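Observations on the three-dimensional arrangement
Below, each chain spelled out in residue letters.
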Amino acid sequence: MTQAEREAILELLNSPQVTGPTRRALQERLDARFVREFFDETGFARLRAVATRLVPHDPAEIDLAGMVDHRLHAGSGDGWRYADAPPDGEAYRRLLRALPQAFETLAPEAQDAALQDVQSAHPRAFEDLLAELTEGFMAHPLTQYRFGYVGFADAQGWLHVGPGELEPWEEHHGPR
Amino acid sequence: MDRAERLPEDLDVLVIGTGAGGAPLLARLAAAGLKVAALEAGVRHPPEEIATDEVAQAGLFWMDERLSAGQDPVPFGRNNSGRGVGGSTLHYTAYTPRAQPDDLKLRTEFGVGEDWPLEFSELEPYYDELEYFLGVSGPAEYPWGPQRRRAYRHPPLPLNGAARLMQRACAEIGMRTSPAANAALSRSQEQPGYGTRHTCTNRGFCQAGCSVGAKASMDVTFLALAEAHGAQIVDGAQVTALTVQGGRMTGAEFLWNGQLHHLGARTVVLAAGAVETPRLLLLGGLANSSGQVGRNFMAHVGVQVWGQVEEDLRPYKGIPGGLISEDTHRLPGLVGGYLLQSLGVMPVTYATQYARGTLTWGPDLIEHLRGYTHVAGINVLGECLPYEHNFLELSDEPDARGLPKPRIHFSFGENEKKMTAHAEALMRDLWGRVGARDVWALPRAAHTLGTARMGHDPQTSVVDPFGRAHDLTGLWICDNSTFPSSLSVNPALTQMALSLRTADALTGDLKVRA
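Residues numbered from 1 in each chain as written. Chains lettered and ligands numbered in written order. Predicted model: local features only at pLDDT ≥ 70, side-chain atom pairs only at ≥ 80, totals over all residues. Heavy atoms only, no water.

1. Some words on the overall build of chain A
The number of helices and strands found in chain A is nine helices and one strand. Ordered by position in the sequence, the α and β elements of chain A form the string α-α-α-α-β-α-α-α-α-α. With respect to the principal axes defined by its C-alpha atoms, chain A has extents near 50 × 35 × 35 Å. Residues classed as buried in chain A amount to 51% of the 176 residues present. (Helix = DSSP H or I, 4+ residues; strand = E, 2+ residues; numbered from the N terminus. Buried < 20%, exposed > 50% of the residue type's maximum accessible area, 1.4 Å probe, protein only.)

Dropping the structure here:
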C-alpha cells in the first residue's frame with residue numbers, strides 16, 4: 001500500500017461521509033495483523049503460499065492467511081459446513097498436507113498445477129478456503145479503494161441510483 | 001430488556017423467537033392485555049449501530065454450525081438464518097409480494113405438493129393490515145393476483161441499475177414488469193411505539209441491516225409496539241429445552257448471562273424458525289406422534305444470473321429487489337412457477353458467491369472482481385415441493401453447549417431442476433439483450449420452510465391450521481416451519497399474516513378458558 005493510497009483511504013474514512021460504526025470497522029481492518037496461533041510454522045507458511053496463488057495479494061498489505069488462522073483459533077465459523085466434510089481446521093490441514101513437499105518454493109506454474117490436483121481431491125475444503133480468502137480480500141479497504149468501491153460512504157445515502165448516475169465522492173474515490 | 005432487570009414472572013404466553021413469526025403475535029397479544037414475554041437468542045441491533053460493512057454485520061446471522069447434506073446442500077449462516085431482536089427480518093430484503101390464491105392449492109391444481117388448510121380470503125385482511133402498518137412502498141396498480149382492497153401506503157422506491165436493465169430487457173420480449181412491493185419507506189412515517197421511521201436512503205445494504213429504520217424489520221415495528229404494550233423481550237437468551245409437565249407445556253429453559261434459567265408460562269409459542277423449532281422439538285421428543293417433525297424441509301428455487309455491463313451500475317445502491325415480474329407464475333410443464341426480480345448486491349456477497357459458484361481463482365478472480373461496480377443481477381424465487389428425502393435430523397456431533405448439531409438433507413427434485421433450467425435460460429436471454437458480458441449462473445436455494453407442517457389431520461401434520469400443536473396442550477408453533485408448501489413468493493409477509501392470525505386464535509382460546 002503506497003502512502004498515497006493509505007492517505008486517500010483514511011481521508012474518506014475520517015470524513016463526515018462515513019458513519020461511526022462503519023468507520024470503526026474499516027479502520028480496524030485496514031491495519032489488521034494477526035499472530036499465528038492455529039497452524040504450526042510449516043503449515044502456516046504453506047497456507048500463505050496457497051492464499052497468494054488463489055487470491056493474488058501482498059501479505060504485507062492484507063494478512064489473509066493470518067485472518068484464516070485467527071478465525072480457526074477463535075473457533076468461530078460461518079454457520080454451516082458440508083456434512084461430508086470434517087470441521088474447517090481439520091479440512092484445511094488435510095488440504096495443505098496433500099500438497100507436494102516444498103510447495104512454497106515451487107515455481108508459480110508448478111504451484112498452480114498442484115493446486116488443481118488438490119482442488120479435485122479435496123473439493124469441499126478447496127471451495128471453503130477460496131471463499132474465505134475471497135471474503136477477506138473483498139472486505140479490505142485497500143481492495144475497495146483499488147476497485148473504486150465506495151458503498152461504505154453511508155452517512156448521506158444516495159440521491160441517484162440509476163446507471164452511471166454517480167455522486168462526487170463516488171467519482172473521486174479510487175485510483176486515477 | 002436491560003440485563004440488570006429481573007426476568008418476568010407469571011406469564012400468560014412465552015414466545016421463543018422474535019422474527020416474522022414471533023413479533024407480530026407478541027404485539028397482538030400484548031395489546032390484548034395479556035402478560036407476555038419473548039426469549040431471543042441474539043441481541044439488540046439498534047439502527048444507529050449498524051455498519052455498512054458485511055463482515056462487521058455477521059452478528060445478524062445464526063453462526064452456530066449446521067450440517068448441510070444431500071445433493072444440493074443448503075448454505076446457512078449469511079444466507080437462510082437470522083439471530084437478533086427482529087430475527088431474520090433484520091437482514092431480509094423487505095420484499096413483500098403477497099401469495100396468490102392458487103399458491104395455496106397446489107395439490108388441487110397439480111395433484112402433487114400440498115394444499116394449505118386455509119383460504120386466501122383468510123389471509124387477505126391480514127395482508128391489508130400489514131402492508132399499511134409496515135409501510136410497504138409499491139405501485140398504484142399491481143398487475144398480478146386479485147384486485148387489492150387497499151392501495152400500498154407509499155409510492156414505489158426508485159429503480160436502481162439492475163432494475164432498469166431488467167425493465168428494458170423484459171419489455172423487448174413482451175414480459176410485464178412492475179416496481180416491487182418493498183417494506184421500506186419511500187416516505188417517512190410515524191410508527192406506533194417506535195417514533196419516526198425515516199425515508200430509505202438507497203444505501204442498498206438491506207441484507208446487512210438497515211441503519212435508518214426505513215426497512216420494516218420487526219425491531220422498529222411490531223417489537224416496539226409490543227414493548228409499548230408491556231411485553232418484555234429478553235435478548236441474549238438461548239433456549240436449550242422446552243419444559244413439559246403432565247402432558248402440557250410449562251415453559252422453557254435457556255442460557256442467559258452464562259447461567260441456566262427457566263421461564264414458566266401457561267402457553268408457549270415456538271417461533272424459532274424452520275431449523276431451530278424442529279431441533280428443539282426433536283431434542284425433547286415433543287409433539288411428534290405424526291413423525292412429521294423435521295420432515296418436508298423446503299427451500300425456494302433461487303437461481304441467480306449475473307453479468308457485467310458497460311455502464312457504471314454501482315450495484316450497492318438502491319433497494320436490491322426493485323423490479324418484479326410474476327408473468328412466470330404458471331408455466332407449461334412445471335408444477336407451480338416462479339417470480340422474477342432484479343438484484344442489487346453488496347461487494348463481499350457478490351465476491352464469495354462468484355468464488356464458490358464458478359471456482360475461479362488466481363488473476364482471473366481478481367480481474368472479475370475488479371468489475372464489481374458494473375455487476376447486474378437478476379434472479380427468481382420459485383416453488384419447491386415437499387419431499388420425503390428432504391428433512392432435518394439431530395446429528396451425533398455436539399455444539400459448544402453439548403447439544404447435537406442439526407443436519408439438514410436437501411436435494412432438488414425433478415420439478416426444481418426443470419424450473420432452475422427454465423429460469424436460467426430466460427435470464428440469460430434477458431441479460432444477453434442488455435449486452436451483459438461474463439454472464440454466469442448460480443443455482444441456489446433460499447429460505448427455510450416446512451419441518452413442522454400445519455394441517456387438519458394429526459396423523460400427517462404437527463400443528464392445526466392455526467398453529468396449535470396436535471399433540472401437546474399449551475404449545476403453539478408460529479414460524480415458517482408450519483408452511484405445508486413453499487409458495488412461489490418470498491415468505492415474510494405471509495409469515496406475518498399467519499402470526500397475526502395465530503395471535504387472534506390464541507387470544508380467543510385464552511378468553512374461552514378464562
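2. Section: the layout of surface pockets
If you roll a probe as big as a water molecule over the atoms, it shows you where there is empty space left. Space inside the second largest pocket adds up to approximately 380 Å³. Around the second largest pocket, the lining comprises 17 residues; the ones closest to its centre are Gly75, Ser76 and Gly77 of chain A together with Glu65 and Lys405 of chain B. Secondary-structure elements contributing two or more residues to the lining of the second largest pocket are helix 4 (64–74) and helix 5 (88–97) of chain A. (1 Å grid on protein atoms, 1.4 Å probe; cavity = no way out; pocket = protein on both sides within 12 Å on 5 of 7 lines; lining within 4 Å. Points joined across faces, edges and corners; volume = space filled by probe spheres on them.)

3. Describing the pattern of salt bridges
All names here are of chain B. Applying the stated criterion to the full structure yields 55 salt bridges over all chains. The shortest N-O distance in the salt bridge between Glu109 and Arg330 comes to 3.0 Å. With a gap of 221 residues between them, Glu109 in helix 2 (residues 106–110) and Arg330 in the loop between strand 13 (323–325) and strand 14 (338–343) connect regions that are remote in the sequence. Of the residues examined, Glu109 reaches a relative accessible area of 40% and is grouped as partly exposed. (Salt bridge = Lys/Arg side-chain N within 4 Å of Asp/Glu carboxyl O.)

4. Considering the packing of aromatic side chains
All names here are of chain B. Scanning all chains against the criterion turns up 20 aromatic pairs over all chains. With a centroid separation of 5.9 Å and an interplanar angle of 85 degrees, the aromatic rings of Phe297 and Phe410 are classed as edge-to-face. Of the two residues, Phe297 is situated in the loop between helix 6 (273–284) and strand 11 (298–301) and Phe410 in the loop between strand 17 (404–409) and helix 9 (414–433); the sequence distance between them amounts to 113 residues. According to the relative accessible area criterion, Phe410 is buried, its value standing at 0%. Cation over ring: Arg83 sits above Trp62, and NZ or CZ is 4.3 Å from the ring centre. Against the face of Phe466 rests Arg501, its NZ or CZ located 4.1 Å from the ring centre. (Phe/Tyr/Trp six-rings, centres within 6.5 Å; stacked < 30°, edge-to-face > 60°. Lys NZ or Arg CZ within 6 Å of the ring centre and 35° of its normal.)

5. Thoughts on unusual backbone geometry
In this model, Ala102 of chain A sits at a positive phi of 55 degrees, which is unusual for a non-glycine residue. Looking at the secondary structure, you find Ala102 of chain A in the loop between helix 5 and helix 6 (108–121). Note on Ala102 of chain A: relative accessible area 39%, which makes it partly exposed. Of note, Asn80 of chain B is a non-glycine position whose phi angle comes to about 65 degrees, a positive value. Positionally, Asn80 of chain B belongs in the loop between strand 3 (66–69) and helix 2. On the accessibility criterion, Asn80 of chain B (9% relative accessible area) is buried.

6. Things to note about the packing of helix 5 of chain A against helix 7 (residues 123–138) of chain A
Residue and element names in this part refer to chain A. At a minimum axis distance of 9 Å, the contact between helix 5 and helix 7 shows a crossing angle of 105 degrees. Between helix 5 and helix 7, the interaxial angle falls into the category roughly perpendicular. Packed against helix 5, whose contacting residues are Asp88, Ala91, Tyr92 and Leu95, the element helix 7 presents Ala125, Phe126, Asp128, Leu129 and Glu132 at the interface. The class makeup of the residues in the contact of helix 5 with helix 7 is six nonpolar, no polar and three charged. (Axes fitted to C-alpha atoms, helices over the stretch in contact; angles between N-to-C directions. Parallel < 35°, antiparallel > 145°, perpendicular 65-115°, else oblique. Contact = heavy atoms within 4.5 Å. Nonpolar A, V, L, I, M, F, W, Y, C, P; charged D, E, K, R; others polar.)

7. Focus on the UniProt feature "domain: Glucose-methanol-choline oxidoreductase C-terminal" (unreviewed entry) in chain B
With numbering aligned to this structure, UniProt lists the feature "domain: Glucose-methanol-choline oxidoreductase C-terminal" (unreviewed entry) at residues 386–498 of chain B. Each end of residues 386–498 of chain B is marked by a C-alpha atom, and these two atoms are 20 Å apart; helix forms 24% of the span and strand 25%. (UniProt positions renumbered as here; feature names shortened; annotations may be inferred.)

8. Focus on the pairing of strand 2 (residues 36–40) of chain B
Residue and element names in this part refer to chain B. Burial runs high along strand 2: five of the five residues are buried. Side-chain alternation along strand 2 places Val36, Ala38 and Glu40 on one buried face and Ala37 and Leu39 on a second face that is also buried. Bridge count for strand 1 (residues 11–16) against strand 2 is four bridges, and the pairing is parallel. Its bridge partner lying in strand 2, Val15 is registered against Ala38. In this region the chain leaves strand 1, passes through helix 1 (residues 22–31) and returns to the parallel neighbour strand 2; the handedness of that crossover is right-handed. Bridge count between strand 2 and strand 7 (residues 232–235): four bridges; the pairing is parallel. Following the sheet pairing, Leu39 is matched in strand 7 by Val234. (Pairing = 2+ DSSP bridges. Right-handed = clockwise from strand over helix to strand, strands pointing away.)

9. Observations regarding the state of the cysteines
This structure, assessed with the given rule, holds zero disulfides over all chains. Distance from the sulfur of Cys206 of chain B, which forms no disulfide, to the nearest cysteine sulfur (Cys200 of chain B) is 6.1 Å. (Disulfide = S-S within 2.5 Å.)

10. Focus on the sheet that holds strand 1 (residues 80–82) of chain A
Within the open sheet, the four strands sit side by side as 1(A)-3(B)-17(B)-16(B). Their pairing is mixed. Looking along the sheet, the strands with just one partner apiece sit at the ends: strand 1 of chain A together with strand 16 (391–398) of chain B. When the angles between neighbouring strand axes are averaged without regard to direction, this sheet yields 30 degrees. Inspection of the sheet shows strand 1 of chain A paired to strand 3 of chain B by three bridges, in the parallel sense. Looking at the pairing, Tyr82 of chain A lines up with Ser68 of chain B of strand 3 of chain B.

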